[in-house]
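# A closer look at the structure
Residue-level listing of the chains:
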Amino acid sequence: MCTALTTLAQLQAIESKVDPWDLPAYVPEAQKFRLNGVHRPFWRDWPLAEPSLFLMPESLHHWHRMFWDHDTKWCI
């Protein structure tokens, strides 16, 4: 399971090698950890936050499909 502590530790490891504002260098390093390149997750300062518990795969899938199938295609 991807926990908040694991993700934050991975982000620190990446930032020790590469500047997070240098996207061409940062994103490939993040992808090695299966991260998408976001180096400041919105929940990083929330005490006791555990995204793996409140961002469930079904909800994420629904929001992604809603955004792509409706908003993006409508804009295009």
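Residues numbered from 1 in each chain as written. Predicted model: local features only at pLDDT ≥ 70, side-chain atom pairs only at ≥ 80, totals over all residues. Heavy atoms only, no water.

## Remarks on the side chain of E29
Convention followed: Strands here mean DSSP runs of E at least two residues long; helices mean DSSP runs of H or I at least four residues long; both are numbered from the N terminus. The criterion used for residue contact is that any of the two residues' heavy atoms lie within 4.5 Å.
Secondary-structure assignment places E29 in helix α2 (residues 23-31). Sequence-distant contacts of E29, that is, excluding residues within four places in its chain, are made with I14, K17 and V18.

## Here's the deal with α2
To be explicit about the condition: A simple rule labels every residue: compare its accessible area, found with a 1.4 Å probe on the protein chains alone, to the largest value its type can have, and call it buried under 20%, exposed over 50%, or partly exposed in between. The arc in question is the one spanned by the directions pointing from the helix axis to the C-beta atoms.
Those residues of α2 lying buried are Y26, E29 and A30. The buried residues of α2 all sit within an arc of 100 degrees when viewed along its axis, so they share a single face. Opposite the buried face of α2, by more than 90 degrees, sit the exposed residues P24 and Q31. On its buried face, α2 is in contact with α1 (4-17).

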